[in-house]
Amino acid sequence: MLSYRIARRAALIACLLSAFATGIVIAQPGGMPPANVVTAKAIEREIITGHTFVGTVMPKRISTVGSAVDGRVMDFKVNLGDRVKKADPLAQLLTRQLEIELEGAKAERDNRKAAIDEAKRGRTEEIEQSKARLAGKKAARDFAVSRLDRYKKATNKNVYTQEQVEEIYSTAVQADKAHAEEQIALELLQKGAREEVMRQWQAKLAVQEQVIAGIEDQLEKHTIRAPFDGYIVAESTENGQWLARGDLVATVAELDEVDVEIQVLETYIPHVRVGDEVRLEITSLPTEILLGRVAEIVPQADL
């Protein structure tokens, strides 16, 4: 029932039974005693009256929840009338294939991370091997240089053939170059990979992270969740059913706060104001009197 204030001027006037002045005595026919006459002062004031209209209780929000992906329903988790909280799962679709893909994608990501770590620090075993080779090359160089020095310091060089002299010089030069090359190789290993190579590996890792994020997003979409707190007012699927993208799963209505739409006769519209308090009587709640306020006045009438 919608009650509102209608200002009216009402004069409460006492009925004057026989006269208009206090104390007047009027003789009664037939010898009856005179009757007393009582008067009262007229009072002008504002009175309140109410009118009843029929309305419709409507949910504050209602959402028909659909599936964002194709899939088979493995677990439909709600029943008609159930209360759900925001983000509660309504249905779970089959995800085994996606889980396998996610495991593979994470393994590849770990592999790329390991490659980057190895490129940054160099493998310890390779560095140790390079150090050992460098030590061997240094020993060979020292021997060749020492042999060359002995030849140069020899007082009688005629004991050396031309072929031996060439071999002494050649060995010394080759040993020195081999030592220098191995030293450079060790330094490269200790420095790690070049900057360009590191950027390439970092880019590959970033791509793989996006692949994982995409699979995880697909997995999340296979769990269909409630968009807000409310009640299940319709079921649209069942366990084992195949859902295509956009197919309906359930309808959720928010009933903690409701709107009441009331058709008011246009005669009374001028007396209704936004913010006016109204009283609501709902048949299913016979013992409760609910109070609300006018939120909107829609100028479009019921055609």
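So, a few notes on the structure that sits alongside this text. Bear in mind the structure is a predicted one, so any value in this text is a computation, not a measurement.

### Focus: the overall build of the chain
Each helix and strand counted, the chain has 4 helices and 12 strands in total. Counting over 303 residues, the chain shows a buried share of 23%. Sequence separation of at least 24 residues holds for 73% of the intrachain contacts in the chain that already meet a minimum separation of 6. Of the roughly 21200 Å² of accessible surface on the chain, a fraction of 53% belongs to carbon and sulfur atoms.

### Quick notes on the layout of surface pockets
Space inside the largest pocket adds up to approximately 1100 Å³. As for the largest pocket, its lining consists of 33 residues, and the residues nearest its centre are Val-260, Glu-261, Ile-262, Val-294 and Glu-296. Of all the elements in the fold, those that place two or more residues in the lining of the largest pocket are strand 3 (55–66), strand 10 (248–262), strand 11 (277–280) and strand 12 (290–293). The dominant element in the lining of the largest pocket, judged by the number of residues it contributes, is strand 10, at 8 residues.

### Observations concerning the packing of aromatic side chains
On inspection of all chains with the given rule, the structure shows 3 aromatic pairs. Pairing Phe-53 with Tyr-268 gives two aromatic rings, centres 5.6 Å apart and planes at 70°, and the pair type is edge-to-face. With Phe-53 in the loop between strand 2 (43–46) and strand 3 and Tyr-268 in the loop between strand 10 and strand 11, this pair connects stretches of sequence that are 215 residues apart. Under the relative-accessibility criterion, Phe-53 is labelled buried at 12%.

### A look at the sheet that holds strand 3
Whether parallel or antiparallel, the strands of a sheet pair through hydrogen bonds between backbone atoms. One open sheet holds the 4 strands; their spatial order is 3-10-8-5, and the pairing between them is antiparallel. Only two strands of the sheet have a single partner each, and these edge strands are strand 3 and strand 5 (83–84).

### Here we look at the side chain of Glu-182
Topologically, Glu-182 is positioned in helix 3 (residues 162–191). On the basis of relative accessible area, Glu-182 is assigned to the buried category, the value being 9%. One polar contact links Glu-182 to Ser-130, side chain to side chain, over a distance of 3.0 Å. Residues in contact with Glu-182, not counting those within four places in the same chain, are Ser-130, Arg-133, Leu-134 and Lys-137.

### Some remarks on the packing of helix 2 (residues 124–153) against helix 3
With their axes 8 Å apart at the nearest point, helix 2 and helix 3 run at an angle of 155° to one another. By the angle between their axes, helix 2 is roughly antiparallel relative to helix 3. Considering how the two elements wind past one another, helix 2 and helix 3 form a crossing that is left-handed. Looking at side-chain class alone, the contact of helix 2 with helix 3 contains 16 nonpolar, 5 polar and 11 charged residues.

### Details of the nonpolar core
Among the nonpolar cores identified, the biggest contains 17 residues, and Val-84, Leu-90, Ile-224, Val-249 and Val-252 are the most heavily contacted of them. Looking at this core, the elements that each hand over two or more residues are strand 4 (71–76), strand 6 (89–93) and strand 10. Look past the residues within four positions of Val-252 in its chain and what remains in contact with it is Arg-61, Ile-62, Ser-63, Val-65, Val-84, Leu-90, Pro-227, Phe-228, Gly-230, Tyr-231 and Ile-232.

Criteria and cut-off values
- Residues numbered from 1 in each chain as written.
- Predicted model: local features only at pLDDT ≥ 70, side-chain atom pairs only at ≥ 80, totals over all residues.
- Heavy atoms only, no water.
- Helix = DSSP H or I, 4+ residues; strand = E, 2+ residues; numbered from the N terminus.
- Buried < 20%, exposed > 50% of the residue type's maximum accessible area, 1.4 Å probe, protein only.
- Contact = heavy atoms within 4.5 Å.
- Areas by Shrake-Rupley, 256 points an atom, 1.4 Å probe, with all protein chains shown as cover.
- 1 Å grid on protein atoms, 1.4 Å probe; cavity = no way out; pocket = protein on both sides within 12 Å on 5 of 7 lines; lining within 4 Å.
- Points joined across faces, edges and corners; volume = space filled by probe spheres on them.
- Phe/Tyr/Trp six-rings, centres within 6.5 Å; stacked < 30°, edge-to-face > 60°.
- Pairing = 2+ DSSP bridges.
- Polar contact = N/O pair within 3.5 Å; in protein donor to acceptor, adjacent residues only side chain to side chain.
- Axes fitted to C-alpha atoms, helices over the stretch in contact; angles between N-to-C directions.
- Parallel < 35°, antiparallel > 145°, perpendicular 65-115°, else oblique.
- Left-handed = near helix turned anticlockwise from the far one by under 90°.
- Nonpolar A, V, L, I, M, F, W, Y, C, P; charged D, E, K, R; others polar.
- Core = buried A, V, L, I, M, F, W, Y, C linked by side-chain atoms within 4.5 Å.

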